[in-house]
Amino acid sequence: MMLKRMTGPGVVFSLAFAFWFAVVVTGSTAAAVPDEKCFDDEKEMFPDIQAIKYEGPESRNPLSFRYYHAEEKVCVQNYCRKMKDWLRFSVAFWHTFRGDGSDPFGSPTKAWPWEVEGGEMEVARLRMKANFEFLEKLGVDYWCFHDRDIAPEGDTLQESNANLEEIVKLAKELNKKYRKKVLWGTAQLFKHKRYMHGAATSPDVGVFAYGAAQVKAAMDATYALGGENFVFWGGREGYQTLLNTDLSLELDHLGKFMKMAADYKESIGFTGTLLIEPKPQEPTKHQYDWDVATTANFLHNNNLTDKFKINVECNHATLSGHSCEHELKVASIQGLLGNIDINTGDPQIGWDTDQFLTDPSEATRLMLVVLSQGGLQSGGLNFDAKLRRESTSVEDLFYAHISGIDAMARGLRQAAAIINDGRLSNFVEERYSSFESFPIDLAKTNFQELEQYALSLQSDPAVNIESANQEKAEIIFNFYT
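Bear in mind the structure is a predicted one, so any value in this text is a computation, not a measurement.

With respect to the overall build of the protein
So, step 1. Scanning the protein for helices and strands turns up 16 helices and 14 strands.
So, step 2. Relative to the compact-globule value of 23 Å for 481 residues, the protein shows a C-alpha radius of gyration of 25 Å, a close match.
So, step 3. Considering only C-alpha atoms, the protein reaches an extent of 90 × 65 × 45 Å along its principal axes.
So, step 4. Residues counted as buried form 51% of the 481 residues belonging to the protein.

Details of the packing of aromatic side chains
So, step 1. One pass over the full model with this rule turns up 25 aromatic pairs.
So, step 2. Ring geometry for Phe65 and Tyr68: centres 5.3 Å apart, planes at 85 degrees, overall edge-to-face.
So, step 3. Relative accessible area serves as the criterion here: at 3%, Phe65 is assigned to the buried category.
So, step 4. Aromatic pair Phe232 and Phe308: ring centres 5.9 Å apart, planes at 55 degrees, arrangement tilted. Here Phe232, found in strand β8 (residues 229-232), pairs with Phe308, found in strand β12 (residues 308-313); they are 76 residues apart in sequence, far enough to count as distant. For the pair Phe232 and Phe308, a shared accessibility class is recorded, and that class is buried.
So, step 5. Following the ring pairs from residue to residue traces out a cluster consisting of Phe46, Phe93, Phe97, Trp112, Trp114, Phe132, Phe134, Trp143, Phe145, Tyr178 and Phe398.
So, step 6. Cation over ring: Arg194 sits above Tyr210, and NZ or CZ is 4.0 Å from the ring centre.

Focus: the sheet that holds strand β6 (residues 142-146)
So, step 1. Strand order in the closed barrel made by the eight strands is β5-β6-β7-β8-β10-β12-β13-β14, with parallel pairing throughout. Neighbour-to-neighbour, the strand axes of this sheet turn through a mean angle of 30 degrees, independent of strand direction.
So, step 2. Two elements, strand β10 (residues 273-276) and β12, share three bridges in a ladder whose sense is parallel. The residue bridging Leu275 from the neighbouring strand is Lys309, located in β12.

Looking at the layout of surface pockets
So, step 1. Each pocket or cavity is described by its volume, and for the second largest pocket that value is around 780 Å³.
So, step 2. As for the second largest pocket, its lining consists of 24 residues, and the residues nearest its centre are Arg431, Ser434, Phe435, Ile465 and Glu466.
So, step 3. For the lining of the second largest pocket, the secondary structure elements donating two or more residues are α14 (423-431) and α15 (447-456).
So, step 4. Looking at the lining of the second largest pocket element by element, the count peaks at three residues for α14.
So, step 5. Residue composition of the lining of the second largest pocket, grouped by class: 12 nonpolar, eight polar and four charged.

About the cut-offs
Residues numbered from 1 in each chain as written. Predicted model: local features only at pLDDT ≥ 70, side-chain atom pairs only at ≥ 80, totals over all residues. Heavy atoms only, no water. Helix = DSSP H or I, 4+ residues; strand = E, 2+ residues; numbered from the N terminus. Rg over C-alpha atoms; globule rule 2.2 N^0.38 Å. Buried < 20%, exposed > 50% of the residue type's maximum accessible area, 1.4 Å probe, protein only. Phe/Tyr/Trp six-rings, centres within 6.5 Å; stacked < 30°, edge-to-face > 60°. Lys NZ or Arg CZ within 6 Å of the ring centre and 35° of its normal. Pairing = 2+ DSSP bridges. Axes fitted to C-alpha atoms, helices over the stretch in contact; angles between N-to-C directions. 1 Å grid on protein atoms, 1.4 Å probe; cavity = no way out; pocket = protein on both sides within 12 Å on 5 of 7 lines; lining within 4 Å. Points joined across faces, edges and corners; volume = space filled by probe spheres on them. Nonpolar A, V, L, I, M, F, W, Y, C, P; charged D, E, K, R; others polar.

Spatial relationships are all this shows, so hold off on functional conclusions.
Following this line, the structure appears as structure tokens:
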């Protein structure tokens, strides 16, 4: 069966059938079979690590925070919030507890204490236990997950759903015990062979339906865990060559898939924000959510701007030829900035290295955008970042997150100081002040009227055009960094 390009009831029926198949026919019906070994709730994964405390800028203890003081209030023009509420840090389950150090050129280098011999579900439970112990000792309130990272894929969709439901039940208990929250969940629609051509953009209707079923189960899991957002990252939603690709049809199917996802979210009462995460390429040669501008255009074309926002990953921004600051600003001015995957790449390496962002000057630029829109509301700063392959101790997991947390906390402090000082914003406003005294309403004028104004000028504007003073702006910025 193939989906035909048409705008009539045929395509609506075909896609509706696919989603009905995903939701009704392939739902979870099987119970998970418990492993023989029991989950050891007493075993510590980080026995030599104490709770990470704030010790101030003068501290030389690498297992302490120098700038992040969770309960400290930071005020931006008389609007005050605790530091932890401005930043809303989140630990990425996949990099932290599934990252094994392997890369395209080498085998795994890390031997984590939770990767024990035993059944897949036993190991999954140990990873989840490690996640909460890590969150508690690090002092972070949120975590994020892919469905297949927290629970193994089964031989059937029913078995996969049952595995996920069992791990979600455990995670829900641990969320309550440790008072932690899920910032966002997502469905892994890129690793398995079935998604080699994409999920929502696959030429195979069975894959389209399977992808819908997996999103449904992952959204159910996120909702059950009190998640505040749900992310779509289309790593396989794109093409390698246009010679074998129906671009119009794939984009049409992608739009319909997202509309059905938004409908399902509302049908179950999930009030979290749906987010799309742009990336230009890797693994696909050209992904349909190339950058923020492309993704915003997709949302506008499909009338989804009131249903979705954008999750900007900084390393993806640089892969698309932009700075992270640029991507945040483009999303923010359209009211679409919902979350940030806070990481960075290496300027000497042309791929997605997912490193921890530790540059306080860069952090300040990013936090200026976040503070200018009053924060991220239900979103936060998720550390979609991983250890280097050569870093193999559990202590390295703490060092990496501490460095990223401190950088963003320092950026928050400095961005707040820049905004409260007002010199930089006044400098920018002054550059455009000629429009304030312009006697014509730009919303009501036309080229003919503007031509008459230009002809009335006593001299060419080039005579009095002012310097941009970029270097001065950089000095003002550096007063606080």
